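# Structural overview
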Amino acid sequence: MVTPPPARDVTATRLLRSSPPHTYDPDVEIDWDAPLAPDRYFVPPHRCSLYGTPLWESLTEAQRITLTRHEVASVASLGIWFETILMQLLLRDYYRQDPTRSHAQYALTEVADECRHSVMFGRMLSKLGCPAYRVGMLDDLLGRWLAATAAGPRMFAAILIAEEVLDALQRESAADESLQPLIRMVSRIHVIEEARHVRYAREELARQVRTAGRSRLAYDRMIIARAAYLTGTRMVAPEVYRSVGISPEVGRRAARTNPHHLATLRWAGQRVVSYLDELGLIGGPGVALWRRSGLI
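Structural notes, computed from the coordinates. From a predicted model like this one, the values you see are computed outputs, not experimental measurements. (Residues numbered from 1 in each chain as written. Predicted model: local features only at pLDDT ≥ 70, side-chain atom pairs only at ≥ 80, totals over all residues. Heavy atoms only, no water.)

Below, the discussion takes up the packing of helix α1 (residues 7-18) against helix α5 (residues 102-128). When two helices pack together, their arrangement is given by the angle between the helix axes and by the axis-to-axis distance. Axis separation between α1 and α5 bottoms out at 8 Å; the angle between their running directions is 45°. The pairing of α1 with α5 is recorded here as oblique in orientation. Here the hand of the crossing between α1 and α5 comes out left-handed. Contacts between α1 and α5 involve Arg 8, Asp 9, Ala 12, Thr 13, Leu 15 and Leu 16 on the former and, on the latter, Ser 102, His 103, Gln 105, Tyr 106 and Thr 109. (Axes fitted to C-alpha atoms, helices over the stretch in contact; angles between N-to-C directions. Helix = DSSP H or I, 4+ residues; strand = E, 2+ residues; numbered from the N terminus. Parallel < 35°, antiparallel > 145°, perpendicular 65-115°, else oblique. Left-handed = near helix turned anticlockwise from the far one by under 90°. Contact = heavy atoms within 4.5 Å.)

Within the fold, Ile 159 resides in helix α7 (residues 152-175). As for Ile 159 and Ile 85, which are separated by 74 residues in sequence, their C-alpha atoms are 8.7 Å apart. Those residues in contact with Ile 159, other than ones at most four positions away along the chain, are Phe 82, Leu 86 and Leu 89.

Tracing the backbone shows Arg 234 in helix α9 (residues 214-234). Reaching out from Arg 234, the side chain makes a polar contact with the backbone oxygen of Arg 134 at a distance of 2.6 Å. (Polar contact = N/O pair within 3.5 Å; in protein donor to acceptor, adjacent residues only side chain to side chain.)

Let us look at the pattern of salt bridges. The full count for this structure, using the stated rule, is 19 salt bridges. Notably, a salt bridge pairs Asp 220 with Arg 154, separated by 2.8 Å at the nearest N-O pair. Of the two residues, Asp 220 sits in helix α9 while Arg 154 sits in helix α7, which places them 66 residues apart along the sequence. Each member of the pair Asp 220 and Arg 154 is classed as buried. A cluster of three or more residues bridged by salt bridges with shared partners is formed by Asp 113, Arg 116, Glu 193 and Arg 196. (Salt bridge = Lys/Arg side-chain N within 4 Å of Asp/Glu carboxyl O. Buried < 20%, exposed > 50% of the residue type's maximum accessible area, 1.4 Å probe, protein only.)

This brings us to helix α11 (residues 259-278). Along its 20 residues, α11 runs 26 Å from first to last C-alpha, staying within 8% of the 28 Å computed at 1.5 Å per residue. At Gln 270, α11 is bent by approximately 55°, the largest bend along its length. Listed in full, the buried residues belonging to α11 are His 261, Thr 264, Leu 265, Ala 268, Gly 269, Val 272, Val 273, Tyr 275 and Leu 276. For α11, the elements touching its buried residues are α7, α8 (181-211), α9, α10 (248-256) and α12 (287-293). (Expected span 1.5 Å × (residues − 1). Bend = angle between axes of the 7 residues up to and from the residue.)

Here's what the structure looks like:
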C-alpha cells in the first residue's frame, strides 16, 4: 500500500505548479523610467495617517501628496524588513529538510519570490527619492532574534500579520486608478505573488498549532502579539512627518489618536486578526500589545 504524502507536501506541490504562471519579473513588468505624476497620490488620501486631522487640513495639496509618498516608502521599508527575516527563517528550515520533498522545494520558491519583492521595493524607494525607514534598535534586535530562533506557530503567525496587513492596503491601491501608476503596478505584482505565500502560511500555521503544546502556545502568543504591535506602530514611521515640516513626535501623536488612521489599521488587520483568534493565538497578557497596535 502506498503511503499518501503529508498534507504539507500536498499543499506545496499544488503551489509549485501554480507558481510559474503567476510569477512576474519587476524588471520587465514595471516601467522604471516613466516619470512620477506630480499631481497623483501614492496612497488613497483617506489611508494617510493624518487624514482628517488639523495637521492634514494645514497642509497644501503638494504637501499631502509628499506625505503619502513617504508613507508608502515607510510601508515598503517595513515589508523589506519582514521579508528579509522570512527568507532567513525559510532557509534555516530548508537546511534541515529533504531537498527532494515538495515542502522543501516550495520554501526555496518562496525565497526566490521574496528576493524579487525586496529588490522591487528597494528600487521603488530609489524612484520615490525616499530613504529606507528602518525600525528602531529594540525592534532590530527582536528581528535578529526571530530570524535566528523562530519556529512553529510564532514563525508563521508573525509573518502572516505583516503580509496580510500589507496585502489589504495594496489590494486597494492596485485597484485605485487615481494613484501613481508605479504604486499600482508594484502593488499588483506583490498582491498576486503573496496570495500563494499567505495560503501556504495559513495552512502550515494551522498544522503547527494542532501539534503545539499549551505551554508553547502561551509563549508564542506573546511573541505574536509583539509582532502585531510592531506592525501597527511602525507601519508609518514617525520620521515620515519631517518630509512636510512636522516633527516626528507631533505627527506620531496625531496619528495615534486619529480615528481615521485607527479605522484603517483595524480594517487592514481584520482578516488576519480573525484567523489568528480562530486558532487561539490571541489571548493572555499579549492582548494589551494587540490593543496598543491598533489592529484590534
